[in-house]
Amino acid sequence: MALAGPSFEIRETVDGDGALRVALIGELDIAVADAVEQRLRQHREDGRPVRLDLSQLDFIDSSGVQTVVLAIKHARQSGHELEVDRRVSPTVERLVDMMGIGSQLWPAAGGAG
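Residues numbered from 1 in each chain as written. Predicted model: local features only at pLDDT ≥ 70, side-chain atom pairs only at ≥ 80, totals over all residues. Heavy atoms only, no water.

Asker: Could you clarify how one ought to interpret the pairing of strand E2 (residues 8–14) in this entry?
Answerer: Remark: a regular strand shows side chains that alternate across the two faces of the sheet. When E2 meets strand E3 (residues 20–28), the two strands line up antiparallel, connected through seven bridges. Bridge assignment links Val14 to a residue of E3, and that residue is Leu20. (Pairing = 2+ DSSP bridges. Helix = DSSP H or I, 4+ residues; strand = E, 2+ residues; numbered from the N terminus.)

Asker: What is the right way to read the pattern of salt bridges from this model?
Answerer: Enumeration according to the criterion identifies ten salt bridges in this entry. Between Arg41 and Glu37 there is a salt bridge whose closest N-O contact spans 3.2 Å. You can see Arg41 and its partner Glu37 sitting in helix H1 (residues 30–46), four residues apart, about one turn around the helix. Through salt bridges with shared partners, a single network forms among Asp15, Asp17, Arg21, Arg51, Asp53, Glu83, Asp85 and Arg87. (Salt bridge = Lys/Arg side-chain N within 4 Å of Asp/Glu carboxyl O.)

Asker: How should the nonpolar core be read in this particular structure?
Answerer: Counting residues in hydrophobic clusters, the biggest one holds 29 residues, and the most contacted among them are Leu24, Leu28 and Leu52. At the level of elements, E2, E3, H1, strand E4 (50–60), helix H2 (62–78), strand E5 (82–84) and helix H3 (90–99) are the ones that each hand at least two residues to this core. Top contributing element to this core by residue count: H2, with six residues. Excluding residues within four positions of it along the chain, Leu24 makes contact with Phe8, Glu9, Ile10, Val36, Leu52, Asp53, Leu54, Gln56 and Leu57. (Core = buried A, V, L, I, M, F, W, Y, C linked by side-chain atoms within 4.5 Å. Buried < 20%, exposed > 50% of the residue type's maximum accessible area, 1.4 Å probe, protein only. Contact = heavy atoms within 4.5 Å.)

Asker: What is the right way to look at the packing of H1 against H2 in this model?
Answerer: For any two helices packed against each other, the geometry is given by the interaxial angle and the distance between the axes. Following both chains from N to C, one finds H1 and H2 inclined at 15°, their axes separated by 9 Å at the closest point. Looking at the two axes, H1 sits roughly parallel to H2. H1 and H2 meet at a crossing whose hand is right-handed. Note on element contacts: H2 touches H1 through Ser63, Thr67, Ala71, His74, Ala75 and Ser78, opposite Ile30, Ala33, Val36, Glu37, Leu40 and Arg44. When the residues that make up the contact of H1 with H2 are grouped by side-chain class, the tally is six nonpolar, four polar and two charged. (Axes fitted to C-alpha atoms, helices over the stretch in contact; angles between N-to-C directions. Parallel < 35°, antiparallel > 145°, perpendicular 65-115°, else oblique. Left-handed = near helix turned anticlockwise from the far one by under 90°. Nonpolar A, V, L, I, M, F, W, Y, C, P; charged D, E, K, R; others polar.)

Asker: Help me out: how do you make sense of the packing of aromatic side chains in this one?
Answerer: Going through the model one piece at a time under the given rule, you end up with zero aromatic pairs. The ring of Trp106 carries the charged tip of Arg86 above its face, separated from the ring centre by 4.2 Å. (Phe/Tyr/Trp six-rings, centres within 6.5 Å; stacked < 30°, edge-to-face > 60°. Lys NZ or Arg CZ within 6 Å of the ring centre and 35° of its normal.)

Asker: Help me out: how do you make sense of H2 in this one?
Answerer: Since there are 3.6 residues in each turn of an α-helix, residues three or four apart along the chain are aligned in direction. Taking 1.5 Å per residue, 17 residues should reach 24 Å; H2 reaches 24 Å between its end C-alpha atoms and fits that length. Buried within H2 we find Ser63, Gly64, Val65, Thr67, Val68, Val69, Ala71, Ile72 and Ala75. Taken from the residues just after H2, Gly79 is the one with a positive phi, measuring 80°. (Expected span 1.5 Å × (residues − 1).)

So this is what it looks like as C-alpha cells:
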C-alpha cells in the first residue's frame, strides 16, 4: 500500500521478522499529518506490529513530530507494538536532538545517540 502526494509518500513493506515497515518518504508536514495518523491508527486497530521508518524524510514539521509521538503514545497505551527504526534521516536526527524527544522514540535505548 502506498499513499502519495506531491512531496510525500507512505510505502509499506514487510520486514523479515514479520513487522510491517511503514516508510515515510519526503515531507511530513501539516498537509499530510492527518493521513499518517489515520494510517497508523488503522494498523494499531488491526494489531499488526509496525516499524516506523523515518530514514527517508527530507522534512518534518511540528505537526509531523506530534503525529509520530502521539502514535507511539497511543500504541503503548493500547499494548500495540510500534517501534521507530533507529536509522533516521539527518533532518529527523537534528530535530530529535533539538527537541530532546529521543527517549520517547527509543525508550529502551534511553534516548537518541
